[in-house]
Amino acid sequence: MREETGITTDPARLRLAYTVLHHQGQATLRLGLFYLATEWEGEPVNREPEKCLDLRWFAEDDLPDDLIPYPAVGIRGALTDPDGLAHHGR
């Protein structure tokens, strides 16, 4: 969290919200773990502007249409199917 957003939290305060198996090509598989943090310290900032165009808060029912597909699966899954699992890119 600190590396990408500048915020910190006690790991004991995190809850695994969703898991995504992200398939890339024939042999590459990445595991995406999406955590819910309800308490943190600091204000989120975009610390990787070369990788991320923007970092903003959105209402759960008003997410932007242009989210990157792989994280979008994890975010939407965490909102609609907590503790679930999805495959992306196969």
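Structure's up top.
Nothing here was measured: the structure is a model prediction, and the numbers come from that model.

Re the side chain of Glu48
Along the chain, Glu48 turns up in the loop between β2 (28-37) and α2 (69-80). Buried charge without a salt bridge: Glu48, with Lys51 as the nearest opposite-charge side chain at an N-O distance of 4.1 Å. Residues within four places of Glu48 in sequence aside, it is in contact with Glu3 and Glu4.

Quick look at the environment of Glu41
On the secondary structure map, Glu41 appears in the loop between β2 and α2. By relative accessible area, Glu41 is classed as exposed at 58%. Here the alpha-carbon distance between Glu41 and Thr9, two residues 32 residues apart in the chain, equals 6.2 Å. Excluding residues that lie within four positions of it along the chain, Glu41 makes contacts with Ile7 and Thr8.

Section: the environment of Leu79
The residue Leu79 is located in helix α2 in this model. Note on Leu79: relative accessible area 37%, which makes it partly exposed. A sequence separation of 18 residues divides Leu79 from Asp61, and the C-alpha atoms of the two residues are 9.4 Å apart. With sequence-adjacent residues up to four places away left out, Leu79 is seen in contact with Glu60 and Leu63.

Cut-off values and rules
Residues numbered from 1 in each chain as written. Predicted model: local features only at pLDDT ≥ 70, side-chain atom pairs only at ≥ 80, totals over all residues. Heavy atoms only, no water. Helix = DSSP H or I, 4+ residues; strand = E, 2+ residues; numbered from the N terminus. Buried < 20%, exposed > 50% of the residue type's maximum accessible area, 1.4 Å probe, protein only. Lys, Arg positive; Asp, Glu negative; His and termini not counted. Salt bridge = Lys/Arg side-chain N within 4 Å of Asp/Glu carboxyl O. Contact = heavy atoms within 4.5 Å.

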